[in-house]
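Here is how the chains run, residue by residue.
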Amino acid sequence: MKLKESLFTRRKFLNWSLTASLAALFGTAVGPVWRFVFPGEVGPEPTEVELKDFPELLPGTGKLFKFGRHPAIMIRTPDGKLKSFTAVCTHFECTVQYKKDTNQIWCACHNGFYDTNGKVVSGPPPRPLEEYDVAVEKDKIIVSRRGVPKGEKPKEKA
Amino acid sequence: MINLKNWFYERTGIEAILDFLRKKQVPDHKYTFWYYPGSILLILIGVQIITGCLLLLYYKPTIETAYESVSFITKYLPFGSFLRSLHAWSSDLIIAIAFIHMFSTFLLKSYRPPRELIWISGTFLMFILLTFGFSGYLLPWNELSLFATSVGTQIAGSMPIIGKYLLLFLRGGEYISGDTLTRFFALHVIILPLILLALAAVHVLLIQHHGMSVPPSVESSPAKKKDIPFYPDFLLYDAVNGLFVFSGLVILALFLPKELGIKADLLAPAPAGIKPEWYFLFMFETLKLIPSMVLSFEGKQLGVMIFALGAVFLICIPFLDRWSAKNKRSPLFTLIGFGILIYIFVMTAISYLGE
Ligand code: FES
């Protein structure tokens, strides 16, 4: 049977295809814009850094250094041990510092205190600071994240 | 001369606009005072655009040059320090007056139908203004602003679900870096201004469309209210207010110039006493007071969620206040309005006294 009128008029068809094209245009733009705006994969953080010419630390002092993209801290405890932690406070990510008088790691932002094992002593930080392994070699110090299998680490020189 | 005027009028049709303004009436009653903050805001935004454009002639948005260029502006350029102080003080005034504007319209229930969209566009304008302040704070790249930004973006980042993306978007990476500065610069000088102008246009056009809101107590007894012409009467008030506020601004900028502080160093520990701008202090203080763990939530996440819900609540007020919508008294929402106001005051005071 042949209908006298078309069920789908030309006008309807044109309206529909114009809307669909516009939707497709904006739809395809979303992905690229999103990926452009979010930096996304900048590569994983290194799990190990080599520090050359790192200054000799006296007992009871600390110094910040760069671990990949974030700051980390190296301290020498009063009894002479070399220890390293991330310097990013677990509260709101301020950079911490070593406080000699109390032998603690201190975040000045909201008065968070950690002991020299990275544990929270007082203040608002919810979690301890991640501690790194420190290996002293002849002319360099190697700082590495714990619990990451050796050998396949992306290295970074500093 | 006359011919030139006619020539111009004929070609622009401006006569119609002037005519319209002459016929436009504005309500006048005992709360008329609360109509002024809105126009003062427009004037101050004008000040920001002009001073901002001037600062932009010298400012260089990279971590190597930002601090130096601001320091150059303030130390060596004629009127440089004054100009920068004007811009900074004006931003403080804008936020303060925007708060006044928001709470006065809240308490006078100006959001009653059909003005819901005016209120909603207004709350979004408020958020935009706060983002302006937040992004502008980082641009001089000094120590205090660096860590305030670090904390601020981290707070935004603790939001459930969208937090992660918000943090990446704001910082341009996991940590604050030169990319963050570039982003904040782009936001501050082009993205936010465009949004602000568009939203402000919507806000003002809607007010034009509906006329200014008259509080229910006045509306119920017409004897308490008369109308005055917008042009010239109301505009003259606006001009006088504008002059007063601008003189105040000049005095502030002259006698209390803004300090630049110490240059930010990404590899330096946070200094003691980092603080956001005064208008974020009440949130900052709240987050400090919440214990680090509440049940199984991290305290900061809880705090951020409360503020996010607060923002949603603010937007939805016109739909929640059923009493005002029916032109009845709405003591509950008056109470809520004062409650929020008192909370902000007390928290800000605690933050100042706690130093
Ligand atoms: S950011 Fe370290 S205590 Fe808050």
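This one's a predicted model, so the numbers in the text were calculated from it and none came from an experiment. (Residues numbered from 1 in each chain as written. Chains lettered and ligands numbered in written order. Predicted model: local features only at pLDDT ≥ 70, side-chain atom pairs only at ≥ 80, totals over all residues. Heavy atoms only, no water.)

Caption draft 1: Spatial organisation of the confidence of the model for chain B. For chain B, the mean per-residue pLDDT works out to 93, and 99% of the residues sit at or above 70. We note a pTM of 0.90 for the whole complex and an ipTM of 0.79 for its interfaces. (pLDDT = per-residue confidence, 0-100.)

Caption draft 2: Region of interest: the interface of chain B and chain A. Facing 30 residues of chain B, the contacting portion of chain A comprises 28 residues. Summing both sides of the interface, chain B and chain A together bury roughly 2300 Å²; the carbon and sulfur share of this comes to 66%. Linking chain B to chain A there are 2 salt bridges. For the salt bridge of R171 of chain B with E93 of chain A, the shortest nitrogen-to-oxygen distance reads 2.8 Å. (Contact = heavy atoms within 4.5 Å. Buried area = accessible area lost by both parts, 1.4 Å probe. Salt bridge = Lys/Arg side-chain N within 4 Å of Asp/Glu carboxyl O.)

Caption draft 3: View of helix 9 (residues 178–210) of chain B. Residues and elements named next belong to chain B. The end-to-end C-alpha distance of helix 9, which contains 33 residues, comes to 46 Å, matching closely the 48 Å that a straight helix rising 1.5 Å per residue would cover. At L187, helix 9 is bent by approximately 45°, the largest bend along its length. Taken residue by residue, helix 9 has T180, L181, F184, F185, L187, H188, L192, L196, L199, A200, H203 and L206 as its buried positions. Buried positions along helix 9 lie against helix 3 (36–56), helix 4 (66–76), helix 5 (80–107), helix 6 (116–138), helix 7 (143–157) and helix 8 (163–171). (Helix = DSSP H or I, 4+ residues; strand = E, 2+ residues; numbered from the N terminus. Expected span 1.5 Å × (residues − 1). Bend = angle between axes of the 7 residues up to and from the residue. Buried < 20%, exposed > 50% of the residue type's maximum accessible area, 1.4 Å probe, protein only.)

Caption draft 4: How the structure looks around the nonpolar core. Counting 81 residues, the largest nonpolar core has C94 and V96 of chain A together with L44, W119 and W141 of chain B as its most contacted members. If near-sequence neighbours (up to four positions away) are discounted, W119 of chain B is found in contact with M102, T105, F106, Y111, L314, I315, I317 and P318 of chain B. V49, M74, Y132 and V143 of chain A belong to the second largest nonpolar core, which has 11 residues in total. (Core = buried A, V, L, I, M, F, W, Y, C linked by side-chain atoms within 4.5 Å.)

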